[in-house]
Amino acid sequence: MAAVGAGRIAILISGRGSNMQALLEACERGALPARVCLVLSNRADAEGLAIARQGGVETACIAHGDYPDREAFDTALVLRLQQARPDLVILAGFMRILTPVFITPFAGRLLNIHPSLLPKYPGLNTHQRALDAGDSEAGSTVHFVTPELDGGPPVLQARAPILPDDTADALAERVITLEHEIYPLAALWFLQGRLTLNEQGAFLDGQKIPASGIPYRPQDAVRHDAADRGQQRIG
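Structural notes, computed from the coordinates. (Residues numbered from 1 in each chain as written. Predicted model: local features only at pLDDT ≥ 70, side-chain atom pairs only at ≥ 80, totals over all residues. Heavy atoms only, no water.)

### Description of the nonpolar core
Argument step 1. Counting 51 residues, the largest nonpolar core has I11, L32, V39, I90, V142, V155 and L156 as the members making the most contacts within it.
Argument step 2. Counting residues per element, this core draws most heavily on helix 6 (residues 168-191), which supplies 11 residues.
Argument step 3. Excluding its chain neighbours within four sequence positions, the residues that come into contact with V142 are L111, N112, I113, P154, V155, L156, I182, Y183 and A186.
Argument step 4. Grouped together as the second largest cluster of nonpolar side chains are 22 residues, C37, L40, I62 and L81 included. (Core = buried A, V, L, I, M, F, W, Y, C linked by side-chain atoms within 4.5 Å. Buried < 20%, exposed > 50% of the residue type's maximum accessible area, 1.4 Å probe, protein only. Helix = DSSP H or I, 4+ residues; strand = E, 2+ residues; numbered from the N terminus. Contact = heavy atoms within 4.5 Å.)

Below, the structure is given as C-alpha cells:
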C-alpha cells in the first residue's frame, strides 16, 4: 500500500500497459511512494484496464472516436484527469498524438517513455529502424512531454546492445525490460521533488540534465528502500 501523503499518479494507456503494471508493482511493494489514482485509456478493450481494476485502481475510458477532432478529445482527457488530481501524469503506451490543449495544463508534470535513444528515431517502428541503420545499440528514453512529438527534454536513458541475429521483436523484449526499471525511477525522482522542468530544460537536483538524458545504471533501479538511499548526483 502507498504511504499516507504519497504522491498521486495518473497513467494513460492504449494497450496491455506493461509499464503501467511495473509502476503499480513499484507502488505496491513500497519502492515508489505513490498511489495510482487513475488509469485512463482511449480504448475500452485495452488489456491494461482489466489489470488496473484487478489491483483496485480506478479506471476510465474516453474513446477518441467519440470526438470530432484532437482538441475536443484532449479537452475531455483534461477534464477527467483534473477530477483525479494527479501530481504526475504518465503516458505508458498511450497511442495518441496530444495537442497543447492537453499538454499545457500538465506542463512540467507529464512524462512519456519512448523506445529509442532519443533524439534518434522519434515516432514508430523504432527497433526496426535501429536495425536497418546498422546501429550497435538501442534503448529507451524517459522524457518530459512538450508539443514536439517525442521531442521533450530527456530525463533518463537506458541502452541495450544490438546482437548480430537480432530481430525487432527480440530487441523490443530486451528494451521493455529496461523500461520497467527506468520509468519507476524517473517517477520517484519527480515525486521526491528532485526532477523538474523549466524553460532551460530538465534538471535533477538543480543540475541540468544532458541532452541525451542521464545514463541509467542498474544499481539505481527502484527497490524497496529506494526512498531511504542517498540521492544520486549527475556525473
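Having seen the model, we can carry on.
### Some points on the layout of surface pockets
Argument step 1. Put simply, the largest pocket is a space of about 1100 Å³.
Argument step 2. Residue lining of the largest pocket: 39 residues in total, with G93, M95, I113, P115 and L124 positioned closest to the centre.
Argument step 3. Elements supplying a minimum of two residues to the lining of the largest pocket: helix 1 (18-28), strand 5 (110-114), helix 5 (126-132), strand 6 (137-144) and helix 6.
Argument step 4. Take the lining of the largest pocket: its biggest share by element is five residues, from helix 6.
Argument step 5. Grouping the constituent residues of the lining of the largest pocket by class yields 17 nonpolar, 16 polar and six charged.
Argument step 6. Quantified by volume, the second largest pocket comes out at close to 430 Å³.
Argument step 7. E28, R35, V36, G55 and V57 are the residues nearest the centre of the second largest pocket, which is lined by 20 residues in total. (1 Å grid on protein atoms, 1.4 Å probe; cavity = no way out; pocket = protein on both sides within 12 Å on 5 of 7 lines; lining within 4 Å. Points joined across faces, edges and corners; volume = space filled by probe spheres on them. Nonpolar A, V, L, I, M, F, W, Y, C, P; charged D, E, K, R; others polar.)

### Section: the sheet that holds strand 4 (residues 88-91)
Note: strands within a sheet are paired through backbone hydrogen bonds, in either parallel or antiparallel orientation.
Argument step 1. One open sheet holds the eight strands; their spatial order is 3-2-1-4-5-6-7-11, and the pairing between them is mixed. Looking at which strands have only one partner, the edges of the open sheet turn out to be strand 3 (59-61) and strand 11 (214-215).
Argument step 2. In this sheet, strand 4 lies alongside strand 1 (residues 7-13) in parallel orientation, the contact comprising four bridges. The residue bridging L12 from the neighbouring strand is L91, located in strand 4. (Pairing = 2+ DSSP bridges.)

### Comments concerning unusual backbone geometry
Argument step 1. Between L118 and P119 the backbone carries a cis peptide bond, its omega angle lying at 15°.
Argument step 2. Following the sequence through the fold, P119 ends up in the loop between strand 5 and helix 5.
Argument step 3. Phi at R85 takes a positive value of approximately 55°, unusual for a residue other than glycine.
Argument step 4. With respect to the element layout, R85 can be found in the loop between helix 3 (70-84) and strand 4.
Argument step 5. Classification of R85 as exposed rests on a relative accessible area of 55%.
Argument step 6. One non-glycine residue, D205, lies in the positive phi region at around 55°.

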